[in-house]
Amino acid sequence: MVIIVITLERRGALTVDIQLPESEAIDGQKPNDHCAVAGYLGKSSAYSSLITILRTLQHRGQESAGIAIFNNGIMNVRKGMGLVNEVFANLSPDQIMHLDGNVGIGHTRYSTAGTKTMENAGPFIVTNSAGYFAVSHNGEITNADKLREELMKQGLTFSTTSDTEVLLMELARNISLYGISNGTKLAMEKMKGAYAVALLFNGRLFALRDPLGIRPLILGKTPDGYIVASESCALDVMGAEKIRDVRPGELVELTPNGIFHILGVTSKTTAHCMFEYVYFARPDSVIDNVEVFQTRIRLGKKLAEEFPVDADVVVPVPDSGRAQALGYSIASGIPYSEGLIKNRFSDRTFIMPTQEKRAAAVRIKLNVIASEIKDKRVVLVDDSIVRGNTMKFIVSLLKKAGAKEVHVRIGSPPIIAPCYFGVDMKTRDQFVATGRTEDDIRDLVGADSLRYVSIDGLVESTSMSKNELCLGCLTSEYPAPIPGVAYPEQKELESFTS
Ligand code: SF4
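Right, let's walk through the structure included here.

Reading guide: rules and limits
Residues numbered from 1 in each chain as written. Predicted model: local features only at pLDDT ≥ 70, side-chain atom pairs only at ≥ 80, totals over all residues. Heavy atoms only, no water. Helix = DSSP H or I, 4+ residues; strand = E, 2+ residues; numbered from the N terminus. Buried < 20%, exposed > 50% of the residue type's maximum accessible area, 1.4 Å probe, protein only. Contact = heavy atoms within 4.5 Å. Areas by Shrake-Rupley, 256 points an atom, 1.4 Å probe, with all protein chains shown as cover. Pairing = 2+ DSSP bridges. Axes fitted to C-alpha atoms, helices over the stretch in contact; angles between N-to-C directions. Patch = residues over 30% accessible without salt bridge, like charges linked within 9 Å, V, L, I, M, F, W, Y side chains within 5 Å. Salt bridge = Lys/Arg side-chain N within 4 Å of Asp/Glu carboxyl O. Core = buried A, V, L, I, M, F, W, Y, C linked by side-chain atoms within 4.5 Å. Near = heavy atom within 4 Å. Nonpolar A, V, L, I, M, F, W, Y, C, P; charged D, E, K, R; others polar. Polar contact = N/O pair within 3.5 Å; in protein donor to acceptor, adjacent residues only side chain to side chain. Expected span 1.5 Å × (residues − 1).

## Overview of the overall build of the chain
Inference 1: Each helix and strand in the chain was counted, giving 16 helices and 25 strands.
Inference 2: For the chain, the proportion of its 498 residues judged to be buried stands at 58%.
Inference 3: In the chain, of all internal contacts separated by at least 6 residues, the share reaching a separation of at least 24 is 68%.
Inference 4: For the chain, the accessible surface area stands at approximately 19,300 Å², while carbon and sulfur atoms represent 52% of it.

## Considerations on the sheet that holds strand 22 (residues 377-382)
Inference 1: If you walk across this open sheet you meet the 4 strands as 19-22-23-24, and the pairing is parallel. Both outer strands of the open sheet, strand 19 (313-316) and strand 24 (449-452), are each paired with one neighbouring strand and no more. Averaged over all pairs of adjacent strands, the angle between strand axes in this sheet comes to 20 degrees, irrespective of strand direction.
Inference 2: Pairing geometry for strand 19 and strand 22, over 4 bridges, is parallel. Bridge assignment links Val-313 to a residue of strand 22, and that residue is Val-378.

## Quick look at a nonpolar patch on the surface
Inference 1: On the surface, a nonpolar cluster with roughly 280 Å² of combined accessible area is contributed by Leu-177, Tyr-178 and Leu-186.
Inference 2: One can find Tyr-178 in helix 5 (residues 163-178).

## Quick look at the sheet that holds strand 9 (residues 193-201)
What links the strands of a sheet is backbone hydrogen bonding, and the strands pair in either a parallel or an antiparallel sense.
Inference 1: Pairing in this open sheet of 6 strands is antiparallel, and the strands run 7-8-9-10-14-15 from one edge to the other. Edge strands, defined here as strands with exactly one partner in the open sheet, are strand 7 (124-128) and strand 15 (258-264). Across the sheet, the mean angle separating the axes of adjacent strands is 25 degrees when strand polarity is ignored.
Inference 2: Bridging between strand 9 and strand 10 (residues 204-209) involves 6 bridges; their strand directions are antiparallel.

## Quick notes on the nonpolar core
Side chains that are nonpolar tend, in soluble globular proteins, to be buried together.
Inference 1: Counting residues in each nonpolar core, the largest one holds 46 residues, and the members touching the most others are Met-274, Tyr-328, Val-379, Ile-415, Phe-421 and Leu-458.
Inference 2: For this core, the secondary-structure elements that each account for two or more residues are helix 8 (274-280), helix 9 (292-306), helix 10 (322-332), strand 22, helix 15 (455-461), strand 25 (469-470) and helix 16 (472-475).
Inference 3: Looking at this core, the element that brings in the most residues is helix 8, giving 5 residues.
Inference 4: Residues Ile-141, Val-166, Val-197 and Leu-251 belong to the second largest nonpolar core, which totals 29 residues.

## Here's the deal with the side chain of Asn-174
Inference 1: Residue position: Asn-174 is located in helix 5.
Inference 2: We classify Asn-174 as buried; its relative accessible area is 2%.
Inference 3: If near-sequence neighbours (up to four positions away) are discounted, Asn-174 is found in contact with Gly-179, Gly-183, Leu-186, Ala-187 and Lys-190.

## Description of the site of the ligand
Inference 1: In the vicinity of the ligand, the residues found are Ile-214, Arg-215, Cys-273, Met-274, Phe-275, Cys-419, Phe-421, Val-423, Met-425, Cys-470, Gly-472 and Cys-473.
Inference 2: Those elements that provide at least two residues to the shell around the ligand are helix 8 and helix 16.
Inference 3: Class assignment of the residues belonging to the shell around the ligand gives a composition of 10 nonpolar, 1 polar and 1 charged.

## Let's talk about the side chain of Asn-76
Inference 1: Tracing the chain through its elements places Asn-76 in strand 5 (residues 74-81).
Inference 2: Residue class for Asn-76 comes out buried when judged on its relative accessible area of 8%.
Inference 3: Engagement of the side chain of Asn-76 in a polar contact is seen with the backbone oxygen of His-98, the distance being 2.8 Å.

## So, the environment of Pro-256
Inference 1: Along the polypeptide, Pro-256 turns up in the loop between strand 14 (250-255) and strand 15.
Inference 2: Classification of Pro-256 by relative accessible area gives exposed; the value is 66%.
Inference 3: Sequence-distant contacts of Pro-256, defined by excluding residues within four places in its chain, comprise Leu-41 and Tyr-226.

## Regarding helix 5
Inference 1: A rise of 1.5 Å per residue sets the reference length of helix 5, with its 16 residues, at 22 Å; its end C-alpha atoms lie 22 Å apart and thus fit the reference within 8%.
Inference 2: For helix 5, the buried fraction is high: 12 of the 16 residues fall into the buried class.
Inference 3: Listed in full, the buried residues belonging to helix 5 are Asp-163, Thr-164, Glu-165, Val-166, Leu-167, Leu-168, Met-169, Glu-170, Leu-171, Ala-172, Asn-174 and Ile-175.
Inference 4: Buried residues in helix 5 make contact with strand 7, strand 8 (131-141), helix 4 (144-153), helix 6 (180-190), strand 9 and strand 10.
Inference 5: The backbone nitrogen of Thr-164 has a side-chain oxygen 2.9 Å away, supplied by the residue at the start of helix 5, namely Ser-162.
Inference 6: Phi for Gly-179, located one or two positions after helix 5, is positive at around 90 degrees.

Right, here's the structure in full:
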């Protein structure tokens with residue numbers, strides 16, 4: 001594990017202390033969101049509050065974790081590769097004292113293997129004539145390369161390839177020149193794509209969300225302060241009262257006296273990521289006033305309505321298909337059973353270089369309860385299929401256990417296109433559904449039937465309209481321009497007129 005501890009003293013020395021123990025990245029069978037964002041300002045230790053929030057949001061990123069705390073005119077940062085508990089395990093009293101303070105931000109990150117480097121771990125920090133800036137960012141700036149070039153022409157230097165560093169530099173430069181409100185507005189006018197951000201500026205804590213509201217960000221009040229987090233489940237764990245979501249295009253400041261709206265940049269529409277509801281977010285979260293668990297139940301019910309089948313038992317792929325399977329069972333009247341058991345201690349599947357090794361990893365993860373499967377017609381429910389390998393393996397597992405028939409039902413429409421807004425789905429060839437019909441995929445995974453919920457069914461299940469959601473990876477129609485990707489359906493929807 002690589003740990004970096006940075007102490008920034010304005011006009012003072014920059015010290016970087018690098019320790020080198022073990023580290024591994026994670027290769028899930030499902031796509032991964034890139035980051036969790038956290039911020040705390042209050043009367044208690046920011047460090048312990050941020051650790052609690054980050055541990056609660058660990059599902060959003062397991063590759064690196066970090067915290068930046070501002071105290072007595074100094075910005076202290078500690079970040080490292082690994083889970084939150086690993087990065088912040090066994091800190092000495094001295095190290096904990098280093099992270100003393102009442103205001104700070106935190107970050108966890110996931111990335112693909114190629115960019116698994118310490119340099120891209122958050123939070124990112126920079127100093128300029130206005131002071132210290134630190135950001136935690138979830139999302140992806142789609143025009144980062146162009147903005148980096150522009151900033152470099154103005155004399156700024158970059159130490160990473162990360163789009164988050166570009167976001168930080170844009171914010172820091174514009175805020176130092178034009179103040180918080182105008183500076184942030186100018187930066188937002190330039191940045192395209194997805195950004196849910198906690199910004200720490202000289203001990204002042206801000207939360208910022210892109211005009212399309214692609215990634216979630218929510219505000220809460222604890223008994224002794226205020227927090228911002230990627231998901232509401234972190235508020236629950238902190239014993240915090242939900243205030244509201246940060247609005248798309250909004251900048252707010254968290255202060256000891258409350259949360260204040262600083263800036264609102266309107267957009268003609270929103271583009272909340274549908275995959276947050278389908279898979280990424282924890283089921284106990286509520287995002288933009290829509291409960292994730294109930295959305296998944298509705299997806300399962302919709303699947304049963306759209307694609308009924310005569311069967312004896314509904315079995316979820318654990319844990320991802322559970323809520324959708326429950327919904328299918330409720331709507332169809334077919335009994336629900338946990339016919340597949342997941343090994344709780346194999347959550348972290350390390351990068352497997354070959355298909356054979358990936359299959360072995362799945363075998364360690366899952367087993368069948370034969371009595372629930374033998375001689376039965378099984379409806380097997382999952383939330384999504386990416387490559388199809390895992391589904392093929394599970395179908396064969398059920399057939400070997402004596403299932404008479406296996407009918408696969410998927411609680412999201414087929415993924416056919418990359419994501420450019422902060423999810424590690426970058427190439428079309430990784431999707432089993434690209435260029436294949438549902439019947440092709442059925443044959444590929446060896447099922448007796450296979451159906452996905454429709455796009456209309458998905459939209460209805462979220463209780464939103466198509467115009468409020470991003471469906472880019474399902475339709476190839478993206479809600480923001482993607483430089484270098486010539487999709488005719490691309491639309492410019494952001495408006496900075498107010
Ligand atoms: S492209 Fe897909 S995964 Fe990416 S933000 Fe849009 S809906 Fe979410």
